[in-house]
Amino acid sequence: MKLGGIKILDLPVLILSVAALIASVLLLRRGSGNERLLVVRSPKGEFVYPLSKDAVYRIEGAIGISEIEVSDGGARFKDSPCPGKTCVMSGELSLPGAWAACLPNQVFIRIEGEEPDGSQLDAIAQ
């Protein structure tokens with residue numbers, strides 16, 4: 001049965017998607033203002049990990065498993081099944097707003113949060 005172009009069974013999926021989005025936003029805004037987080041988006045969903053805990057996360061992507069390493073407050077692609085390994089060569093991310101992606105595997109990582117002093121500058125021009 002259809003309801004204005006949307007199937008009845010699509011409603012629970014839509015509601016769950018909206019709930020997951022709201023929960024992700026609340027999780028990112030919760031906690032201390034200085035905590036930095038690693039946000040990983042893949043075809044299997046979006047995951048949030050603290051940068052304060054060293055770990056290696058295995059994330060399933062479109063063509064295989066990408067390994068994301070968190071160490072000493074930074075994150076990087078440790079390994080990925082993509083042919084060029086550009087994501088692995090992108091290096092470590094530690095500043096809020098920094099991101100890297102493995103496009104063939106459809107895995108995207110970014111750093112969220114604030115710097116402890118809140119005054120991190122990208123550049124100074126004179």
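Residues numbered from 1 in each chain as written. Predicted model: local features only at pLDDT ≥ 70, side-chain atom pairs only at ≥ 80, totals over all residues. Heavy atoms only, no water.

A tally of helices and strands in the protein chain yields two helices and nine strands. From first element to last, N terminus to C terminus, the protein chain shows the α and β order β-β-α-β-β-β-β-β-α-β-β. Counting across all 126 residues of the protein chain, residues that qualify as buried make up 25%. Within the protein chain, counting contacts between residues at least 6 apart in sequence, those at least 24 apart form 34% of the total. Counting every atom, the protein chain has about 8400 Å² of accessible surface; 58% of that belongs to carbon and sulfur. (Helix = DSSP H or I, 4+ residues; strand = E, 2+ residues; numbered from the N terminus. Buried < 20%, exposed > 50% of the residue type's maximum accessible area, 1.4 Å probe, protein only. Contact = heavy atoms within 4.5 Å. Areas by Shrake-Rupley, 256 points an atom, 1.4 Å probe, with all protein chains shown as cover.)

This paragraph deals with the pairing of strand β4 (residues 45–50). The sheet contact formed by strand β3 (residues 37–42) and β4 spans six bridges and is antiparallel. Within β4, the residue paired with V39 across the bridge is V48. Between β3 and β4, which pair antiparallel one after the other, the connecting turn spans two residues. (Pairing = 2+ DSSP bridges.)

Moving on: the sheet that holds β3. The strand order β4-β3-β9-β8 describes an open sheet built from four strands, whose pairing is antiparallel. Two strands in the sheet have a free side with no partner beyond their single neighbour: β4 and β8 (99–102). In this sheet, adjacent strand axes meet at a mean angle of 15° when their direction is disregarded. Sheet topology note: the β8/strand β9 (residues 107–112) ladder contains four bridges and is antiparallel. Looking across to β9, one finds that C102 is bridged to V107. (Axes fitted to C-alpha atoms, helices over the stretch in contact; angles between N-to-C directions.)

In this section: the sheet that holds strand β7 (residues 74–79). If you trace the three strands from one edge of the open sheet to the other, you get β5-β6-β7, paired in antiparallel fashion. Where the open sheet ends on each side, the last strands, each with one partner, are β5 (55–60) and β7. Taken over all neighbouring pairs, the strand axes of this sheet differ in orientation by 30° on average, direction set aside. Sheet analysis places β5 next to strand β6 (residues 65–71), joined by six bridges and oriented antiparallel. Each bridged residue has a counterpart across the sheet, and for R58 the counterpart in β6 is E67.

With burial as the criterion, only one face of β8 is covered, namely that bearing A100 and C102; the residues W99 and A101 on the opposite face remain uncovered. The turn linking β8 back onto β9 is made up of four residues, and Q106 within it adopts a positive phi angle of 60°.

The next point concerns the pattern of salt bridges. All chains considered together, the criterion is met by six salt bridges. Taking the shortest distance from any N to any O, the salt bridge between E60 and K44 comes out at 3.9 Å. Residue E60 is found in strand β5, and its partner K44 is found in the loop between β3 and β4; the two are separated by 16 residues along the sequence. Two residues, E112 and R110, come together in a salt bridge whose shortest N-O distance is 2.5 Å. On the basis of relative accessible area, E112 is assigned to the partly exposed category, the value being 26%. (Salt bridge = Lys/Arg side-chain N within 4 Å of Asp/Glu carboxyl O.)

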